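Each chain, written out:
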Amino acid sequence: MSPCPADHSTDLLIVGAGPTGLFAAYYAGFRGLSVTVLDSLPEPGGQINAMYPEKQIFDIAGFPAVRGRELVDRLLEQAAPYDPCYLLGHRAETMERTTEGAFVVTTHQGVRVRARAVLITGGIGTFTPRPLPAAAAYERAGLAYFVRRPDDYAGRDVVIVGGGDSAFDWALTLHPLAASVTLVHRRDTFRAHPATVAAVRAAGVEILTEAELSKVIGDGGDIEAVEITRRDGQTHRLPCRGIIAALGFTANLGPLLGWGIDIAHRRHIPVDSAMRTSLPGVYAAGDINEYPGKVRLIAVGFGEAATAVNNAAHHIDPEQPVFPGHSTDVSTTAPAVA
C-alpha cells in the first residue's frame, strides 16, 4: 500500500477503507482516476478487520467461503496496480467546497485532501475502539484492539479482554500459536456465539470470569505481566507479552453530520439510483447509504461502489460516459505491477 503525502490533490477521495471502499479504489483506478482512501482505523478492512477477520464469509460471489482477512487482502491486491494512496489513522473532520466546485477534506490531524469528487463508504460511521484504561499507556507497545497478523503472537503469552465474538475468535485463532492465551471477562456470561465459546473451552484456553485487568507491569516499554482482579477482591499476576482489548467499538457519523449532506435519522445517507447524495459531487455506497429496498450486504456494497464510481467519473469529466464498457473489452485492464 502506498501512503499518502501530507496535503495533496486527488480525483476521488474515498472516505472509508472497508470492503466497499477498497473495491471502489480498484474501480476508480480502472476508470483512470487518481484515488485517496481515508479511514480512521490504522489498518484497512473496516468492520471485517475490526470484528471478524478470521471468520468465514459465505455470501461473496465467486468464493464458496473466504476469511474476512483474506477478502481484505484480495481487495487490496486488486486495487494495487492502480496505486491508490492510503491515509489511515485519520478521521475526516471538515469538508469545504472550493470556488471551482472541488472539495477540501481536512482530517483530525490537520491533513488536507483536495478532491474533485468524494465517495463516502464509511459503513456505520467512524469506528473508535472501546478503551482499556488500565493498559492505555501501552498502545503500540503490546496493546492492540484487533489483530492483523496472528503470527505476530507466536510464542507469546497473550491476554484477551472481552466476552464477545471477537474475543473468542481471537482466542481460538491464537491458541495454537501463542505460548499461552488467557481470556478475561468481567461477567460470567458471554455475548459470543455458544458454539465458539464451546470450541474455546474445548481447546483448553483459560477463561477468567467476573474479573478485570487492573494493572499492567512493564519495563517502561514492553509489557511483562498483568494483574487480574476478581470480583471477590483476589488478585492474580499473569505473564503477558501482548494484550488484545476486544471490548467492541463505538460507531457514529460524527463530523459527517456537519458536511451539509441530508442524513436520515442521524445514521444513514439517502442516495438516488446513481448513489448521489443531496450534495452534487458527493456519493455514498455500502452500509452507510439508504434508499427504498436497501439490503446491507458486502455483495450489494460492491455493486453500489461501481455505480458510484462510474457516475463520479462522469461528474469529474462530463465527456466521459457513465458506463465505460466491460473490463473484458479493454485490452489492458490494469497497469503492470512494478
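Residues numbered from 1 in each chain as written. Predicted model: local features only at pLDDT ≥ 70, side-chain atom pairs only at ≥ 80, totals over all residues. Heavy atoms only, no water.

Undergrad: Sorry, what's going on with the overall build of the chain here?
TA: What the chain contains, in helices and strands, is six helices and 22 strands. Taking 2.2 N^0.38 as the reference for a compact globule, 338 residues should give roughly 20 Å; the C-alpha atoms of the chain span a radius of gyration of 22 Å, in line with that estimate. When its C-alpha atoms are laid out on the principal axes, the chain stretches across 70 × 45 × 40 Å. Taken as a whole, the chain presents about 15,500 Å² of accessible surface, with 50% of it coming from carbon and sulfur. Counting 29 positive and 36 negative side-chain charges, the chain places the centres of these two groups 4 Å from one another. (Helix = DSSP H or I, 4+ residues; strand = E, 2+ residues; numbered from the N terminus. Rg over C-alpha atoms; globule rule 2.2 N^0.38 Å. Areas by Shrake-Rupley, 256 points an atom, 1.4 Å probe, with all protein chains shown as cover. Lys, Arg positive; Asp, Glu negative; His and termini not counted. Charge placed at Lys NZ, Arg CZ, Asp CG, Glu CD.)

Undergrad: I keep staring at the pattern of salt bridges and nothing clicks. Help me out?
TA: Two side chains of opposite charge can pair, provided their charged atoms sit close to one another. Scanning the model with the defined rule gives ten salt bridges in all. In this structure, arginine 114 and glutamate 100 form a salt bridge, with 3.5 Å as the shortest nitrogen-oxygen distance. Here glutamate 100 lies in the loop between β7 (92–97) and β8 (103–107) and arginine 114 lies in strand β9 (residues 112–120), a separation of 14 residues in the sequence. As a salt-bridge pair, glutamate 210 and arginine 231 come within 3.2 Å of each other at their nearest N and O atoms. (Salt bridge = Lys/Arg side-chain N within 4 Å of Asp/Glu carboxyl O.)

Undergrad: Teacher, can you tell me more about the confidence of the model for the chain here?
TA: The predicted model of the chain averages 91 in pLDDT, with 96% of residues at 70 or higher. Confidence, expressed as mean pLDDT per element, reaches its minimum in the chain at strand β10 (residues 126–129) with 71 and its maximum at β9 with 98. (pLDDT = per-residue confidence, 0-100.)

Undergrad: Honestly, the sheet that holds strand β16 (residues 223–230) in this entry has me stumped. Any pointers?
TA: The strands that make up a sheet pair up through hydrogen bonds in the backbone, lying either parallel or antiparallel. Spatially, β15-β16-β17 is the arrangement adopted by the three strands of the open sheet, whose pairing is antiparallel. Edge positions in the open sheet fall to β15 (211–218) and β17 (235–239), since each of these has one partner strand only. On average, each strand axis in the sheet is tilted by 25° relative to the strand beside it, whichever way the strands run. By the bridge criterion, seven bridges tie β15 to β16 in an arrangement that is antiparallel. Bridging from a neighbouring strand, leucine 213 pairs with isoleucine 228 of β16. (Pairing = 2+ DSSP bridges. Axes fitted to C-alpha atoms, helices over the stretch in contact; angles between N-to-C directions.)

Undergrad: Can you help me understand a positive patch on the surface in this one?
TA: A grouping of Arg130, Arg186, Arg187 and Arg191 is seen on the molecular surface, where their side chains present a positively charged patch. Within the fold, arginine 130 resides in the loop between β10 and β11 (143–144). (Patch = residues over 30% accessible without salt bridge, like charges linked within 9 Å, V, L, I, M, F, W, Y side chains within 5 Å.)

Undergrad: Even after reading the chapter, I still don't get the sheet that holds strand β18 (residues 242–245), so can you show me in this structure?
TA: Spatially, the five strands line up as an open sheet ordered β11-β18-β12-β13-β14, and their pairing is parallel. For this open sheet the edge positions go to β11 and β14 (206–208), each flanked by a neighbour on one side alone. Across two bridges, the pairing between β11 and β18 is parallel. The partner of leucine 143 across the bridge, within β18, is isoleucine 243. Helix α4 (residues 165–174) rests against β12 (157–161), β13 (180–184), β14 and β18 of the sheet, and its axis sits at about 170° to β13. (Contact = heavy atoms within 4.5 Å.)

Undergrad: What is the right way to read the state of the cysteines from this model?
TA: Should the sulfur atoms of two cysteines be covalently bonded, the bond is a disulfide. A complete count under the given rule lists one disulfide for this structure. Two residues, cysteine 4 and cysteine 85, share a disulfide whose sulfurs are 2.3 Å apart. On the sign convention where negative is left-handed, the bridge of cysteine 4 and cysteine 85, at about 90° about the S-S bond, is right-handed. Placement of cysteine 4 in the loop between β1 (2–3) and β2 (8–15) and of cysteine 85 in strand β6 (residues 85–88) is noted, with a sequence separation of 81 residues between them. (Disulfide = S-S within 2.5 Å.)

Undergrad: Please clarify how the packing of aromatic side chains should be interpreted in this entry.
TA: Any two aromatic rings considered together are summarised by their centre-to-centre distance and by the angle between their planes. Under the criterion given, the structure shown has eight aromatic pairs. Relative to tyrosine 27, the ring of phenylalanine 23 lies with its centre 6.2 Å away and its plane at 50°, an arrangement referred to as tilted. Here phenylalanine 23 and its partner tyrosine 27 are both found in helix α1 (residues 19–30), four residues apart, which amounts to about one turn of the helix. Tyrosine 27 gets classed as buried once you look at its relative accessible area, which sits at 12%. Members of the aromatic cluster, joined through ring pairs, are Phe23, Tyr26, Tyr27, Phe30, Tyr82 and Phe302. The ring of tyrosine 153 has arginine 156 lying over it, and the distance from NZ or CZ to the ring centre is 4.9 Å. (Phe/Tyr/Trp six-rings, centres within 6.5 Å; stacked < 30°, edge-to-face > 60°. Buried < 20%, exposed > 50% of the residue type's maximum accessible area, 1.4 Å probe, protein only. Lys NZ or Arg CZ within 6 Å of the ring centre and 35° of its normal.)

Undergrad: Would you mind going over the side chain of threonine 121 with me for this structure?
TA: Its place among the elements puts threonine 121 in the loop between β9 and β10. In this structure the side chain of threonine 121 is engaged in a polar contact, spanning 2.9 Å, whose partner is the backbone oxygen of glycine 16. What threonine 121 contacts, discounting residues up to four positions off in sequence, is Ile14, Val15, Gly16, Thr20, Gly21 and Ala285. (Polar contact = N/O pair within 3.5 Å; in protein donor to acceptor, adjacent residues only side chain to side chain.)

Undergrad: I'm lost on the packing of α4 against helix α5 (residues 194–203) in this one. Help?
TA: At their nearest, the axes of α4 and α5 sit 9 Å apart, and the two run at 35° to each other. The two elements α4 and α5 cross, and the hand of that crossing is left-handed. In contact with Phe168, Asp169, Ala171 and Leu172 of α4, α5 contributes Thr196, Val197, Ala199, Val200 and Ala203. (Left-handed = near helix turned anticlockwise from the far one by under 90°.)

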